[in-house]
Amino acid sequence: MSIRSVLCAALLLTACDSATKPPEPAAAESRPNLLVVEVDDLDQPMFDLMLEDGWLPNIRTHLVDDGVVFTNSFVSDAVCCPSRATYLTGQYANNHGILGVSKGVAYWYYGGDNREPHALPVLLHDAGYTTAHIGKYLNGYGMFNRSDHVPPGYDAWYGLLDPYTYDVYRWKQNVTVDGETRIIDHSGEDGPYQTDALRDQALSFLDDVAEPGKPFYLAFKPVAPHVETRSFRDSEALGFRATFREWIRPAPRHECLIRPLLGKDAKTESDADSGLCERELPDSLAFLRERPSFNEIDTGKPDTIRERVEQLTQEGGDFRALERQHQSRMASMIAVDDAIGAIVDRLKAQGRWDSTLVVFTSDNGYFHGEHRLDSKLLPYEESIRVPLVVRPPGGAEAPSVPAIALNNDLAPTLADYGGASPQREKDRWDGRSLKPWLEGESPAWRRQVMVEHFIELTVLELAREKEWFGKLTDAVVALLEKGAGFELGALRNMAYPAYKAVRRIDPETGENALYVQWYSNLRNVEPEGWDTDFEEFYDLTDDPWQRQNLLADEEPPKAVAKRIESFRSALDQLKTCDAEACVEAENR
């Protein structure tokens, strides 16, 4: 128990109780509307490529040109559920407790930590905001709970239901507005294109739910450009290369851009009457082959990675599969850009645009053959670096900010603008508000952050932890084993060992580096028993593609050894920090 908690319990109970009550809502007119667009698996290189080639005109015009681009934006755990829980809590994964995709919402509901009623949307709702969520929530929503469950704090809820979230035509959704719930079920036959349906729901919220004169919070979370899991069912190849064979279908009006790659999966027989069809998407393979780390693996990577990856080959179909994946992911992002354009147009028509703050980001990055890798999870730039563009009310004071931004910062930033704050000791932010940067200031800031990932638990492993496992029939165990096969067969990279890392960008010294500790048995938050099996250190000033591990030799150069001590010391502090201690550790 913290000192503050002891004092509250023993000496100042009445005063502390009153101090932790929700703050009185600020005057509505003094606070902006809050619009958050969080896409899924959008890597920084793809985002930059599409921006530069003119494929995201609405994001360019309304956000980038009128907002602040954080050029060093990272996530603290590069996988969906831990990252999205960080968005809701402002905390590192080891503090909020969502340690992987498998536990997901199951842990949130049943882990006994009682976090959902104290998450960001509840704080904003209590502060007087009309709140809505549209799109993807946390992994497992609809599977590990009743499909009619609505998390607290929302006036309007349009939550996609697993396991149908990752099918852009056959999806299910819980729609609850004004306390009335209905389940939209397209799982049996094709429904409307998912991103377009979410767009229409966002417009409906702005028209019918968000009250004039009262600020709103809208979390718009489309699945694109995350690949569709339907490709698992379509492919006999389950193994390392399966994720290269995954892809996502674009909106029907954008099929013309990748029609040769669609085959029988095309929804339209002829090209749409659109100027887009006269253009060609950037050449994916040419773009990827220009990246020095593409299809290369250096000997300084951990054995657990080097033993898993294989060289991409033409004969194995890898390049064709990767081309389809990369092209389809780009094409799917165009519908997201269309949706942003429609939402901005509606806000302008309603006279709300100038009083709206917009955040655009992704939950993690993605590998497209760099280091011969696929998917995400790992501590390298393609995985942990994400787009972050923030358009403050009325436009930006500065076009870009080079300071390190972290997904831990999003909840504190939104709460800062919304006049809200955590009400329990355990819910205090690990991140910090970006508001000073958005207002043109240059505050004292961090020079490093922690990146972490825990060993992914499968359905079978989760079940084995329960007392009732021994009572299960052989048929049920076989079903759980099938689930485990899906998670660690098709997604073998989820079985990577756990790691904790320090990503440092020091504006005073110019140091730009990554230090990683790998652990073979890190499955829990507590640090007891963490044995460092392998270390990596990359100087990104000289080696931006992270191809030369300076700790690969048993005896690294003395200059490197001296630098490493600083990183080890920093990681020792970051491993177990929380709240203000994280701020101090990131600044030191």
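Structure: see above.
Residues numbered from 1 in each chain as written. Predicted model: local features only at pLDDT ≥ 70, side-chain atom pairs only at ≥ 80, totals over all residues. Heavy atoms only, no water.

Read from one edge of the open sheet, four strands run E13-E14-E15-E16, paired in antiparallel fashion. Here the strands that pair on one side only, and so sit at the sheet edges, are strand E13 (448-453) and strand E16 (532-539). Pairs of neighbouring strands in the sheet enclose a mean axial angle of 15°, with direction left out of account. Bridge count for E13 against strand E14 (residues 498-505) is six bridges, and the pairing is antiparallel. Within E14, the residue paired with valine 449 across the bridge is arginine 503. Along the sheet, helix H21 (residues 558-575) makes contact with E13, E14, strand E15 (512-519) and E16, crossing E15 at roughly 65°. (Pairing = 2+ DSSP bridges. Helix = DSSP H or I, 4+ residues; strand = E, 2+ residues; numbered from the N terminus. Axes fitted to C-alpha atoms, helices over the stretch in contact; angles between N-to-C directions. Contact = heavy atoms within 4.5 Å.)

Within the element layout of this structure, aspartate 427 appears in the loop between helix H17 (410-418) and helix H18 (435-438). Given a relative accessible area of 6%, aspartate 427 falls into the buried group. Side chain to side chain, aspartate 427 and arginine 424 meet in a polar contact 2.6 Å long. Residues contacting aspartate 427, with those up to four places away along its chain left out, are Thr89, Gln91, Arg115, His118 and Pro422. (Buried < 20%, exposed > 50% of the residue type's maximum accessible area, 1.4 Å probe, protein only. Polar contact = N/O pair within 3.5 Å; in protein donor to acceptor, adjacent residues only side chain to side chain.)

Here we come to the pattern of salt bridges. Tallied over the entire structure, the rule returns 41 salt bridges. The partner of arginine 249 in a salt bridge is aspartate 167, and the shortest N-O contact between them spans 3.1 Å. Of this pair, arginine 249 sits in the loop between helix H11 (242-245) and helix H12 (259-262) while aspartate 167 sits in the loop between strand E4 (156-160) and strand E5 (172-177), placing them 82 residues apart in sequence. The same class applies to arginine 249 and to aspartate 167, which are both buried. With its nearest N and O atoms 3.1 Å apart, the salt bridge here joins arginine 253 to aspartate 338. With arginine 253 in the loop between H11 and H12 and aspartate 338 in helix H15 (residues 318-349), the pair connects residues that are 85 residues apart, well separated along the chain. For arginine 253, a relative accessible area of 25% corresponds to the partly exposed category. Salt bridges here are not isolated pairs; linked through shared partners, they connect Glu38, Asp40, Arg84, Lys136, Lys221 and Asp363. (Salt bridge = Lys/Arg side-chain N within 4 Å of Asp/Glu carboxyl O.)

With that settled, consider the sheet that holds E4. Read from one edge of the open sheet, ten strands run E6-E5-E4-E3-E7-E1-E8-E11-E2-E12, paired in mixed fashion. Two strands bound the open sheet, and with one partner strand each, they are strand E6 (180-185) and strand E12 (400-406). Each strand axis lies, on average, 15° off the axis of its neighbour in the sheet, ignoring direction. Bridge count between E4 and E5: five bridges; the pairing is antiparallel. When the bridges of E5 are listed, glycine 159 appears paired with asparagine 174. Helix-sheet contacts for helix H5 (residues 80-89) involve strand E1 (33-39) and strand E7 (216-221), and the interaxial angle to E1 is about 170°.

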